[in-house]
Amino acid sequence: MTNHWVDIKNADLVFVMGGNPAEAHPCGFKWVIEAKKQRKAKLIVVDPRFNRTASVADYYAPIRPGSDIAFLSGVIHYLLSNDKIHHEYVKHYTNASFLIDERFGLDDGLYSGYNADKRAYDKESWKYQMDKDGFAKVDPTLQDPNCVFQIMKKHYARYTPDVVAQITGTPKDAFLKICGYIAETAAPNKTMTHMYALGWTEHSVGTQNIRSMAIIQQLLGNMGMAGGGINALRGHANVQGITDMCLYSDTLPGYLGAPLDSDPDRKTYLEKRTPKALRPNQMNFPQNFPKWWTSLMKSFYGKEATAENDFCYDWLPKRDTSYDVLAMFDRMYQGKMTGFVCQGFNPLASVAHKKKVGDALAKLKYLVIMDPLVTETSEFWKNYGEVNPTDPAAIQTEVFRLPVAFFAEDAGSCTNSGRVARWHWKAVDGPGESMTDTDIMAHLYLTLKAMYGKDGGAFPDPVLKLSWPYRRPAEPAPEELLMEISGKALVDLVDPKDATKVQVKGGEQLASFGFLRDDGSTACGNWIYSGCWSQAGNLTARRDSSDPSGLGQTLNWGFSWPVNRRILYNRASADPAGKPWDASRTVLKWTGSAWGGNDVPDMRPNAAPEEGVMPFIMNPEGVARLFSRDLINDGPLPEHYEPFESPLETNPMHPKNAKAKSNPVSRIFKGDLEVFGTPKDFPYVATTYRLTEHFHFWTQHSKINAILQPEHFVELGEELAKEKGIKAGDKVKVRSNRGYIKAVAVVTKRIKALDVNGQKVHTIGIPINSGFTGQTKPGFLTNTLTPAVGDGNTHTPEYKAFLVNIEKA
């Protein structure tokens, strides 16, 4: 979230698209209800189903799954063509005035620089025009045909209300009604907040779905405002925390780009990731990348990381290819992986194309499961009949189950969607022989270390010399780990401007990442969490809910990264002179000598307005990006592409270019393309979602949840049900080109057929909360049906839009 849960109460308009918070985030959704009650805010919902959030909305519109970019592009066209934008905000706080390379263009759905053989772009023509001093050229009048504003007007002019209705199936009058609601928040004293979840990320264009909303919020001036922003809703209590720690291959903790094979040394690595300012006087905060990375390496390797050995740069693995979940299971499927450690993860149920995942697991030598409960993955080898047909005798994978403690059986910090880290205390010991995740990993590490110490190895140093400073090495305390993540001074830190003044004594916890150094004098396990455990103690354990502003800015409740800031980009809540756009919702203001207000300034505290330091300090431009230049794989502006399994034969935006039907840069592995379905055989669109009564798959083990929702079902509209002779309660068979499931039919008025590009399109809704372990009735795994293809940037699988057929079982 750019803002936080409580801040939603400050909105004048709540726009939900790509999520269903009343169902999937029922506790946080209370703040939407608060906005409606106290501020008379409007709630609008766009979704393929009339869902629980829609049931309390002021206005609802249906949409075909996978067509969100067309809808949002139509909104952008409406705002631009009707002059419903926050002009001062757009002019000063976005890159609308920046000039783009004259070679840039879009030709029948493909941007300049496309290489069809590589399914990738050469992005040289997507960059800014630069002046002789190395700064981006701008046109403050916004009239130059190569400025971002003019490029956008031309790009989005194609997305007229009629085109939007044609592609999305959303009735034109409903679309225009929603545009009218959104346009009202271009006024400086009105704000809209947006809420999305997996309904946007789980598409082959997921990144661009979110980019589209970012463009809208910039045009309206809603970023940095109380009651504004773009708010990602995280499905697990600590999925934000695990994301921040970046336990995946692309990044190191704190979203630091991980080294690649093409980074031969530390100097090259740091230079590539340390940007230069693109406009004069900008903070360009990522210039501090060397401090963050070097402090991380001191946390990893302590005294072993020195300037002489480049702070152990050579000890880090260098990524040679993709290691996302789809890539991992494809490699496993090819027999190129020996073992797999599966911690708090149920991939047989959670990853697309269940048969491929099961076949891949069967090619392992060993599989280690760290989980409190039996999972479908731990039982992948077992024959459960039709729901999981296997031949156990033919599967040689050895499965080790390590029972771990539940969250309530261990202490630690937990970061919610709003970036607020809160400490939780242990309630009870875990049952039987269960151990905490940390203790299991500590035992594994110490055993491996002893083995390397005894037997040696090709390069044992990264294991043998890992920093392990815990009082009880086999049982690191959660408190020790959080202090390590937060960071400390390793020697006395003196003021860079006055060497006689000691800012932090050696051994003390740091107050913030502002004290991190690139010379090896500080250690920090994650720079964005720096200061969460300062000399004042564990700030995540704070529970002071006082709110002097009345805006929900409870700065003494837990710790919000970074530096306890509650609303990101909050400098943008005030005009260039430092005066709040809306005095009744002041977040930040210039007092004449410093930035004041009710939040930690997202700005150098003493940077006077006349210095021209812009609000988006993490960008080298200093401003927000309407045009994302060369930073996104599938284009600097979002473009509508069809899902890889689409009910349409062509992309209505580019009907003559087959290469531009679906995302042209999404990666497709050999064998996956062959099992994509066609509308001839699979004429209906399917989408997946979650239920309040179940938390993914593990609540199948809870009796009360099993009673509340005992059996798998699918939803279909009345018209389709009548066509197929299906009645409520019938058992139905739903097939894709990858397999089938059987479930109970729920015939409903809440899913309507839509008119799309001259044809009728039916949608079938399928909850994911089903499996063959636990106390619910054994059921099929929904991801039996889904395709193994993902977003062109993150490779998140396309769970939300694929093709099926349905019949009475």
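All values derive from a computational prediction rather than experimental measurement.

### Examining the layout of surface pockets
Part 1 of the argument: The space that makes up the second largest pocket amounts to roughly 500 Å³.
Part 2 of the argument: In terms of lining residues, the second largest pocket is bounded by 22 residues, among which Ser299, Ser467, Pro469, Glu484 and Lys488 are the most central.
Part 3 of the argument: Those elements that provide at least two residues to the lining of the second largest pocket are helix H12 (289-301) and helix H18 (478-486).
Part 4 of the argument: Here the residues of the lining of the second largest pocket are counted per class, giving 8 nonpolar, 6 polar and 8 charged.

### Comments concerning the sheet that holds strand S1 (residues 13-17)
Strands pair in a sheet through their backbones, by hydrogen bonds, and they do so in one of two ways: parallel or antiparallel.
Part 1 of the argument: The strand order S3-S2-S1-S8-S9 describes an open sheet built from 5 strands, whose pairing is parallel. In this open sheet, the two edge strands, each paired with only one partner strand, are strand S3 (59-61) and strand S9 (230-232). Each strand axis lies, on average, 20° off the axis of its neighbour in the sheet, ignoring direction.
Part 2 of the argument: As paired elements, strand S8 (residues 192-196) and S9 share 3 bridges and run parallel to each other. Residue pairing for S9: Met195 is matched across the bridge by Asn231.
Part 3 of the argument: Helix H3 (residues 68-81) contacts S1 and strand S2 (42-46) of the sheet and is inclined by roughly 150° relative to S1.

### A short note on the packing of aromatic side chains
Both the distance between ring centres and the angle between the ring planes are used here to describe each pair of aromatic rings.
Part 1 of the argument: A full pass over the atoms with the stated rule returns 38 aromatic pairs.
Part 2 of the argument: Seen in terms of ring centroids, Phe406 and Phe407 are 6.2 Å apart; in terms of plane orientation they differ by 80°. Their pairing is edge-to-face.
Part 3 of the argument: On the basis of relative accessible area, Phe406 is assigned to the partly exposed category, the value being 26%.
Part 4 of the argument: Here the guanidinium or amino end of Lys318 rests over the ring plane of Tyr313, the centre of that ring lying 4.4 Å away.
Part 5 of the argument: One residue, Lys363, lies across the ring of Tyr333, its end atom 4.4 Å from the ring centre.

### Looking at the pattern of salt bridges
Part 1 of the argument: All told, the structure shown has 44 salt bridges when counted by the stated rule.
Part 2 of the argument: With a closest N to O distance of 3.7 Å, Glu202 and Lys800 form a salt bridge. Here Lys800 lies in the loop between strand S32 (763-767) and strand S33 (802-808) and Glu202 lies in the loop between helix H8 (198-201) and helix H9 (206-220), a separation of 598 residues in the sequence. Each of the two residues, Glu202 as well as Lys800, counts as buried.
Part 3 of the argument: Put simply, Arg273 and Asp263 hold a salt bridge, and the shortest N to O gap is 2.9 Å. In this pair, Arg273 sits in helix H11 (residues 266-273) while Asp263 sits in the loop between strand S11 (256-257) and H11, placing the two residues 10 residues apart along the sequence. No difference in accessibility class separates Arg273 from Asp263, as the two residues are buried.

### Some points on the nonpolar core
Part 1 of the argument: Ranked by size, the top nonpolar core spans 78 residues in total, and within it Phe15, Phe71, Leu79, Met152, Ile182, Ile216 and Leu219 carry the most contacts.
Part 2 of the argument: Broken down by element, this core gets its largest block of residues, 9 residues, from H3.
Part 3 of the argument: Among residues more than four places away in sequence, those in contact with Met152 are Ile76, Leu80, Ile215, Leu219, Leu626 and Leu637.
Part 4 of the argument: Residues Leu256, Leu296, Tyr301 and Cys524 belong to the second largest nonpolar core, which totals 47 residues.

### Some remarks on helix H7 (residues 172-183)
Part 1 of the argument: With 12 residues, H7 ought to run about 16 Å at 1.5 Å a step, and its terminal C-alpha atoms sit 16 Å apart, in line with that.
Part 2 of the argument: Buried residues of H7: Ala174, Phe175, Ile178, Cys179, Tyr181, Ile182 and Ala183, and no others.

### Let's talk about the packing of helix H6 (residues 161-168) against H7
Part 1 of the argument: In contact at an axis separation of 9 Å, H6 and H7 are set at 120° when each is read in the N-to-C sense. Taken together, the axes of H6 and H7 are oblique relative to one another. For the crossing formed where H6 meets H7, the hand is right-handed. Only Lys172, Phe175 and Leu176 of H7 make contact with H6, whose side of the interface consists of Pro161, Asp162, Val164 and Ala165.
Part 2 of the argument: Residues belonging to the contact of H6 with H7 are distributed by class as follows: 5 nonpolar, no polar and 2 charged.

### Comments concerning the pairing of S1
Part 1 of the argument: Burial analysis of S1 places 5 of its 5 residues in the buried class, which makes it a mostly covered element.
Part 2 of the argument: Along S1, one buried face is formed by Leu13, Phe15 and Met17 and the opposite face, lined by Val14 and Val16, is buried too.
Part 3 of the argument: One ladder, built from 4 bridges, connects S1 with S8; its direction is parallel. Across the sheet, the residue bridging to Phe15 is His194, located in S8.
Part 4 of the argument: Where S1 meets S2, 5 bridges bridge the pair, whose relative direction is parallel. Bridge pairing in S2 places Phe15 opposite Ile44.

### Concerning empty space enclosed by the protein
Part 1 of the argument: Enumeration according to the criterion identifies 1 cavity of 30 Å³ or more in this entry.
Part 2 of the argument: The volume enclosed by the largest cavity comes to roughly 40 Å³.
Part 3 of the argument: Taken together, Val325, Leu326, Phe329, Val351, Ala352, Lys356, Val357, Phe669, Asp672 and Ala788 make up the full set of residues lining the largest cavity.
Part 4 of the argument: Taken together, the elements giving at least two residues each to the lining of the largest cavity come down to helix H13 (325-333) and helix H15 (354-361).
Part 5 of the argument: Sort the elements by how many residues they give to the lining of the largest cavity and H13 lands first, with 3 residues.
Part 6 of the argument: Partitioned by chemical class, the residues of the lining of the largest cavity number 8 nonpolar, no polar and 2 charged.

### Side note on the sheet that holds strand S15 (residues 412-415)
Part 1 of the argument: Strand order across the open sheet formed by 3 strands is S15-S16-S23, with antiparallel pairing between neighbours. Each of the sheet's edge strands pairs with one partner strand only, and the pair in question is S15 and strand S23 (559-560).
Part 2 of the argument: Taken together, the 4 bridges between S15 and strand S16 (residues 420-424) define a ladder with antiparallel strand orientation. Residue Ser413 lies in a different strand from S16, and its bridge partner there is Trp423.

### As for unusual backbone geometry
Part 1 of the argument: The omega torsion of the bond from Trp561 to Pro562 falls at -5°, within 30 degrees of zero and hence cis.
Part 2 of the argument: For Asp83, which is not glycine, the phi torsion reads 55° and is therefore positive.
Part 3 of the argument: For Asp83, the position within the fold is in the loop between H3 and helix H4 (87-93).
Part 4 of the argument: Although it is not a glycine, Leu142 adopts a positive phi angle of roughly 60°.
Part 5 of the argument: Mapped onto the elements of the fold, Leu142 is located in the loop between strand S7 (120-121) and helix H5 (148-156).
Part 6 of the argument: Using a relative accessible area of 12% as the deciding quantity, one classes Leu142 as buried.

Rules of the game
Sequence positions are assigned chain by chain, starting from 1 and proceeding in written order. Local features in this predicted model are restricted to residues of pLDDT 70 or higher, and side-chain atom pairs are both shown and tallied only at a pLDDT of 80 or more, whereas totals for entire chains, interfaces and linings draw on every residue. Only hydrogens and water are set aside; all other atoms, that is, all heavy atoms of the structure, feed into the side-chain values. Of the two site types, the cavity is a set of points on a 1 Å grid over the protein atoms alone where a 1.4 Å probe fits but cannot get out, and the pocket is an open set with protein on both sides within 12 Å along at least five of seven lines, each lined by residues with an atom within 4 Å of a point. Grid points are joined across faces, edges and corners, and a volume is the space filled by probe spheres set on the points. A run of H or I in DSSP becomes a helix once it reaches four residues, and a run of E becomes a strand once it reaches two; helices and strands are each numbered from the N terminus. Throughout, the ten residues Ala, Val, Leu, Ile, Met, Phe, Trp, Tyr, Cys and Pro are labelled nonpolar, Asp, Glu, Lys and Arg are labelled charged, and all others, Gly among them, are labelled polar. Here, a strand pair is defined by DSSP locating no fewer than two bridges between the strands. Only C-alpha atoms enter the line fits that serve as axes; for helices the fit covers just the stretch in contact. Angles between N-to-C directions range over 0 to 180 degrees. Contact criterion: two residues are considered in contact whenever any of their non-hydrogen atoms come within 4.5 Å of each other. Here a pair means two rings of Phe, Tyr or Trp (six-membered ring of Trp) with centres within 6.5 Å. Their orientation is stacked below 30 degrees between planes, edge-to-face above 60, and tilted elsewhere. For each residue, the accessible area found with a 1.4 Å probe, counting protein chains only, is set against the maximum for its type, and the residue is called buried under 20%, exposed over 50%, and partly exposed in between. Throughout this description, the term charge over a ring refers to an Arg CZ or Lys NZ atom that lies within 6 Å of the ring centre and within 35 degrees of the ring normal. A pair is scored as a salt bridge if a Lys or Arg side-chain nitrogen falls within 4 Å of a carboxyl oxygen belonging to Asp or Glu. Remark: nonpolar core denotes a set of buried residues (Ala, Val, Leu, Ile, Met, Phe, Trp, Tyr, Cys) joined through side-chain atoms within 4.5 Å. For a helix, the expected span equals 1.5 Å multiplied by the residue count minus one. Any angle between 65 and 115 degrees counts as roughly perpendicular, while under 35 counts as roughly parallel, over 145 as roughly antiparallel, and the rest as oblique. Two helices crossing with the near one rotated counterclockwise from the far one by less than a right angle form a left-handed crossing, whereas a clockwise rotation gives a right-handed crossing.

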